[in-house]
Amino acid sequence: MPFDLVIHDGLLVTLSDTFQADLGITGGKIAAIGQKLHGEKTINARGLYVLPGAVDPHTHLEMPVGKTKSSDDWFTGTRAAAHGGTTTVIDFVETAPHQSLVDALAARRSLAENRAAIDFAFHMTLSNASRSTLDEIPAMIETGVTSFKVYTTYAGLRLTDSEFLKVLQAVSAHKGLVIVHSENDSIVKYFTQKLLDSGKLAPQYHPLSRPDIAEGEAVARILSLAEAVCAPVYIVHISSAKGAKAVAAAQLRGQNVLGETCTQYLLLTEAEYQRPGFEAAKFVCQPPLRKAEDCAALWAALGTGSIRTIGTDHCPFNFVGQKDMGSERFTEIPGGLPGIESRLALVYSYGVRKGLISLNQWVSLCCTNPAVIFGLYPRKGSLLPGADADIVLFDPKIKKTLSHTMLHENVDYTPYEGFQLQGYPVKTLLRGEVLIDGEKAINVAGKGKYLKCGLPRIRSTP
Ligand code: DUC
Ligand code: ZN
């Protein structure tokens, strides 16, 4: 029996191996890896890398922030992701005041259903540690939401240490995973107020309001709290050498901790905030961009395996009409950067091609590890027979200068304007169907399905 589709002669890249083979797909699943396979349809992938579809563990699509919301909706954001080789996103659910977790998940899920171009799963944000909230954790896990985000900063979201301990204990008792945005709230408030009091209101001052010690302190404290109750923990968007060092030290002590960083913290620096006028607002995100030494420390942590995933924290706001809500004071600028589409290509060009990580690490950091950690593996992030046939064909020869005009993100700029790329996705398949063929998106609307996450896999020892 021929396979439905055979991808011929590509160089298959997984987290551990790189080899030339044919890949047979039937019924939307990977059915075989071998030589001279026969398919009803075929794709010639000679000279191309064949990767598992990338999994972005950290996105914020149409996320309400103050009086606005992130500019990519579930359709435009996931279509852009598909153009860039990402076939699964893990986004967030936030509860409205007094809303139950179950209701918040249902509302968020209904925004994505029938619109998302790629598959999607959720982390649940916990903004309190009340008995009724914690009592909903088993129901969440049952419904496929097995990771729970907490914040150490932001009014309305921030948990105290004692609330955090309760959450850690409750989530780990049900074998879920707590994931943490770590910045010391008092340090942020202190420096923000000082800047505002002295009339320093321009976006150039944003990084001074959230120094790296705010991250270093919060990560170290969170890890101590997690150690106290023997709970695993995953630190999101690590931006600094201080944060990375705290994670590595805890791992050396034998603690079960996982770290994530994002493309922007690897490739952009605080020098961007020196741009003239209001341009610096394009780079306002929390935590802020850091120094070149921090980028180097993060690459090193990826190399040693102490940071396990690269996400995007994709949270786009238009420069005109949204970022300019903070033209009078930087604290009103909606925080977040676009990046859902360019992660795979940027990490390849600036990580693999520069020798900072291997080809196989690229696949593990961007595709496999997020799937493993958040309970989606081997269905996602894998080329194993039986896995969903989510596949990216990536041409390592293509050269491009990254520009906002070539991207499909619904936002009026890219923070990576002018970045030189060598290597770009040329086809993206979701469950065996070609979604993106070169520049063309093929009937992508609503192709994505809700994914129930299994229990997280959280052993951190590199
Ligand atoms: N930081 C951002 O910059 N955007 C979204 C959420 C966050 O923590
Ligand atoms: Zn985020």
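Residues numbered from 1 in each chain as written. Chains lettered and ligands numbered in written order. Predicted model: local features only at pLDDT ≥ 70, side-chain atom pairs only at ≥ 80, totals over all residues. Heavy atoms only, no water.

### Observations regarding the domain arrangement of the protein chain
For the protein chain, the assigned domains read domain 1 (3-51 + 385-407 + 419-441) and domain 2 (53-373). Each partner contributes to the interface: domain 1 provides 34 residues, whereas domain 2 provides 29 residues. For the pair domain 1 and domain 2, the two sides together bury roughly 2,400 Å², of which 64% comes from carbon and sulfur. At the boundary of domain 1 with domain 2, the tally comes to one salt bridge. Summed over the shared surface of domain 1 and domain 2, the result is eleven residue pairs in polar contact (both at pLDDT 80 or more). In terms of residue count, the dominant contributor to the side of domain 1 that touches domain 2 is strand E17 (residues 420-430) (nine residues). In terms of residue class, the side of domain 1 that touches domain 2 is made up of 20 nonpolar, eight polar and six charged. (Domains from an automatic or database assignment. Contact = heavy atoms within 4.5 Å. Buried area = accessible area lost by both parts, 1.4 Å probe. Salt bridge = Lys/Arg side-chain N within 4 Å of Asp/Glu carboxyl O. Polar contact = N/O pair within 3.5 Å; in protein donor to acceptor, adjacent residues only side chain to side chain. Helix = DSSP H or I, 4+ residues; strand = E, 2+ residues; numbered from the N terminus. Nonpolar A, V, L, I, M, F, W, Y, C, P; charged D, E, K, R; others polar.)

### A few points about the pattern of salt bridges
Pairing of side chains with opposite charge becomes possible as their charged atoms draw close. Summed over all chains, the structure comprises 26 salt bridges. Residue Glu113 is joined to Arg109 by a salt bridge in which the shortest nitrogen-to-oxygen separation is 2.7 Å. Through salt bridges that share partners, Lys29, Asp119, Arg379, Lys380, Asp388, Asp390 and Arg431 make up one connected network.

### What about the packing of helix H5 (residues 161-173) against helix H8 (residues 212-228)?
For any two helices packed against each other, the geometry comes down to the angle between their axes and how far apart the axes lie. Where H5 contacts H8, the two axes come as close as 10 Å, and the packing angle between them is 50°. Here H5 is positioned oblique relative to H8, judged by the angle of their axes. The way H5 lies across H8 gives a crossing that is right-handed. For the pair formed by H5 and H8, the contact residues are Asp161, Phe164, Leu165 and Leu168 on the first element and Arg221, Ile222, Leu225 and Ala226 on the second. Classifying every residue of the contact of H5 with H8 by side-chain character gives six nonpolar, no polar and two charged. (Axes fitted to C-alpha atoms, helices over the stretch in contact; angles between N-to-C directions. Parallel < 35°, antiparallel > 145°, perpendicular 65-115°, else oblique. Left-handed = near helix turned anticlockwise from the far one by under 90°.)

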